[in-house]
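# Examination of the molecular architecture
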Amino acid sequence: MASSLSPPEVPKELHRLNRDKLLNSLRDHLSISSRPSHGFVFLQGGEERTRYCTDHTELFRQESYFAYLFGVREPGFYGALDVASGNSILFAPRLPAEYAVWLGEIKPLSYFKERYMVSMVYYTDEITKALHEQYQGQGRKPLLYLLHGLNTDSNNYSKPAEFEGIEKFETDMNTLHPILTECRVLKSDLELALIQFANDISSEAHVEVMRNAKVGMKEYQLESMFLHHTYMFGGCRHCSYTCICATGDNSAVLHYGHAAAPNDRTLQDGDMALLDMGAEFHFYGSDITNSFPVNGKFTRDQSLIYNAVLDAHNAVISSMKPGVCWVDMHKLAEKIILEALKKGSLLIGDINAMISERLGAMFMPHGLGHLLGIDTHDPGGYLKGAERPKEPGLRSLRTSRELLEGMVITVEPGCYFIDAVLVPAMENSKTSRFFNDEQISRFRGFGGVRIESDVYVTSRGCVNMTKCPREIKDIEAVMAGAAWPIKRTSIPFENGESR
């Protein structure tokens with residue numbers, strides 16, 4: 001096992017530019033609203049957690065909005081941006097000197113100022129005093145713009161900052177969240193470079209797993225190979241999400257790999273594998289799915305389903321550009337999969353009639369893709385006031401927006417044979433006429449196929465940032481030992497030329 005990749009240097013100015021982007025957007029909003037440009041954007045970073053009542057500390061990962069603005073990797077911090085001056089302020093926890101025995105050197109405040117390129121640093125017990133000293137509000141209470149808003153993927157609300165003395169400030173919990181969220185939707189070149197590296201090392205790891213998968217192995221061994229490769233060669237200590245290493249009928253379980261289904265099945269000859277795994281580098285993630293036969297050779301039935309999904313995947317990417325509606329892309333993927341299933345004699349009847357009855361959702365019950373960045377499901381999929389589609393399949397979409405230049409979004413069509421979905425559809429008077437029962441029964445227990453790439457929307461179209469073998473001939477060649485070049489790119493390229 002080897003790699004052509006190594007972790008890149010993270011530009012120090014990355015998060016400073018993110019802060020400038022937010023301040024410019026917030027000031028524009030305040031100006032349009034005829035409100036004065038004063039006060040502080042104020043965020044609380046993540047806290048270290050122990051395992052229940054024990055002293056076992058879980059591996060810390062920074063809260064995503066705080067990571068976006070400050071890039072701080074340590075727990076217990078707060079951060080502020082002075083709207084008027086643009087000054088950035090960090091507040092570090094004051095650690096007792098004896099902690100050095102366990103944590104190493106206790107860093108001085110000057111270390112954090114230089115490392116995170118902020119204007120000033122204080123201790124967290126100095127928040128009230130420091131902000132009052134900085135405030136230029138002509139005698140009024142200082143105003144804090146706190147982060148509070150709905151995440152439309154999780155339906156959870158972001159937690160506004162809390163600290164001793166907050167009652168001495170005016171607080172605004174409505175303005176910041178939508179503005180900061182929209183800043184995260186469009187990626188800068190520096191952000192794209194990190195997402196690209198996460199894709200490069202994850203693509204390379206997927207190829208290693210594909211090349212070394214063998215009948216008789218356990219699913220968790222595939223997961224282990226991926227985690228080892230991305231950490232060993234990419235310095236990726238975190239994954240973007242829990243790895244899904246599904247084989248056989250497990251590949252029809254959309255979020256397989258959780259604690260109750262811990263990637264522990266034995267790979268059988270004739271199984272398809274569906275591996276959904278993505279590494280995270282300096283907070284920025286990847287989300288990649290490959291499907292392949294564990295014995296290295298596609299059967300006729302496996303080829304039918306795989307090519308149906310691949311054609312949908314490729315058609316969507318070919319159609320993507322600014323202004324394209326994501327709902328239309330989902331419908332395009334469904335139509336191509338239905339056409340392939342009809343050609344393979346699994347379905348019968350008129351394609352348009354199938355679409356009207358939402359038959360595509362019986363084979364692809366999840367949405368086509370989602371925004372990607374610091375979170376696997378990056379926020380901003382639904383703007384305030386936007387309604388989520390209500391039809392089967394479409395209601396699972398994590399965004400219904402039109403594409404914008406600068407978005408990174410996953411394209412992940414799939415085709416699954418899920419009894420809990422198919423059996424009711426085959427018994428329903430409106431949809432039963434479309435099924436060739438004899439042919440469909442051949443695929444009971446087949447599982448499913450998903451192909452997922454991370455795609456960056458450009459001014460002229462889009463760029464696929466994922467570099468895995470996709471064509472059947474390439475997958476079979478790689479699994480037989482052929483080389484698969486992973487060329488390192490610092491930023492995405494388009495039409496063969498660097499941007």
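Right, let's talk about the overall build of the chain for a bit. A tally of helices and strands in the chain yields 15 helices and 19 strands. Against the 2.2 N^0.38 benchmark of 23 Å for 499 residues, the chain shows a C-alpha radius of gyration of 25 Å, consistent with a compact globule. In the chain, once contacts between residues fewer than 6 apart in sequence are set aside, the share between residues at least 24 apart is 74%. The chain carries 52 positive and 63 negative side-chain charges, and their two centres are separated by 2 Å.

Secondary-structure assignment places Pro 365 in the loop between α12 (360-363) and β13 (408-411). For the pair Pro 365 and Leu 394, spaced 29 residues apart in sequence, the C-alpha to C-alpha distance is 8.3 Å. Not counting residues up to four positions away in its chain, the partners in contact with Pro 365 are Leu 254, Gly 393, Ser 396, Tyr 416 and Ile 418.

Turning to the confidence of the model for the chain, a few remarks are in order. With 97% of its residues at a pLDDT of 70 or more, the chain shows a mean pLDDT of 95. In the model, residues 493-499 has pLDDT below 50 throughout and makes 13 contacts with residues more than four positions away in sequence or in other chains.

With antiparallel pairing, three strands are arranged side by side in an open sheet as β8-β9-β12. At either end of the open sheet lies a strand with only one pairing partner, and these are β8 (244-247) and β12 (288-293). Averaged over all adjacent pairs, the angle separating strand axes in this sheet is 10 degrees, with direction ignored. Of the strands in this sheet, β9 (272-277) and β12 are in contact with helix α7 (residues 189-212), which crosses β12 at around 15 degrees. In this fold helix α8 (residues 219-234) packs onto β8 and β9, with an angle of close to 145 degrees to the strand it touches most, β8.

One pass over the full model with this rule turns up one cavity of 30 Å³ or more. Lining the largest cavity are His 38, Gly 39, Phe 40, Asp 82, Ala 84, Gln 134, Tyr 135 and Gln 136. Among the residues making up the lining of the largest cavity, the classes are represented as three nonpolar, four polar and one charged.

Quick look at the layout of surface pockets now. Put simply, the largest pocket is a space of about 1,500 Å³. Along the walls of the largest pocket sit 40 residues, with Arg 73, Glu 74, Pro 75, Arg 115 and Tyr 116 positioned nearest its centre. Of all the secondary-structure elements, those providing two or more residues to the lining of the largest pocket are α4 (109-115) and β10 (279-281). No other element matches the three residues that α4 contributes to the lining of the largest pocket. Tallied by class, residues from the lining of the largest pocket come to 21 nonpolar, seven polar and 12 charged.

In the structure shown here, the tally under the stated rule is 17 aromatic pairs. When the centroid spacing of 5.7 Å and the interplanar angle of 70 degrees are considered together, the rings of Phe 163 and Phe 169 count as edge-to-face. Of the two residues, Phe 163 and Phe 169, both sit in the buried class. On the basis of an interplanar angle of 20 degrees and a centroid distance of 5.0 Å, the ring pair of Phe 417 and Phe 443 is categorised as stacked. In this pair, Phe 417 is assigned in the loop between β14 (414-416) and α13 (419-427) and Phe 443 in the loop between α14 (437-441) and β15 (448-450), connecting sequence segments 26 residues apart.

Before going further, it helps to examine the pattern of salt bridges. If you walk through the whole model with that rule in mind, you get 23 salt bridges. Residue Arg 211 is joined to Glu 208 by a salt bridge in which the shortest nitrogen-to-oxygen separation is 3.6 Å. Of this pair, Arg 211 and Glu 208 are both found in helix α7, three residues apart, which corresponds to roughly one turn of the helix. Residue classification places Glu 208 among the buried positions, given a relative accessible area of 11%. The residue Lys 390 makes a salt bridge to Glu 387 at a minimum N-O spacing of 3.5 Å. Here the residues in one salt-bridge network are Arg 184, Lys 187, Asp 375 and Asp 378, joined through shared partners.

Cut-offs applied
Residues numbered from 1 in each chain as written. Predicted model: local features only at pLDDT ≥ 70, side-chain atom pairs only at ≥ 80, totals over all residues. Heavy atoms only, no water. Helix = DSSP H or I, 4+ residues; strand = E, 2+ residues; numbered from the N terminus. Rg over C-alpha atoms; globule rule 2.2 N^0.38 Å. Contact = heavy atoms within 4.5 Å. Lys, Arg positive; Asp, Glu negative; His and termini not counted. Charge placed at Lys NZ, Arg CZ, Asp CG, Glu CD. pLDDT = per-residue confidence, 0-100. Pairing = 2+ DSSP bridges. Axes fitted to C-alpha atoms, helices over the stretch in contact; angles between N-to-C directions. 1 Å grid on protein atoms, 1.4 Å probe; cavity = no way out; pocket = protein on both sides within 12 Å on 5 of 7 lines; lining within 4 Å. Points joined across faces, edges and corners; volume = space filled by probe spheres on them. Nonpolar A, V, L, I, M, F, W, Y, C, P; charged D, E, K, R; others polar. Phe/Tyr/Trp six-rings, centres within 6.5 Å; stacked < 30°, edge-to-face > 60°. Buried < 20%, exposed > 50% of the residue type's maximum accessible area, 1.4 Å probe, protein only. Salt bridge = Lys/Arg side-chain N within 4 Å of Asp/Glu carboxyl O.

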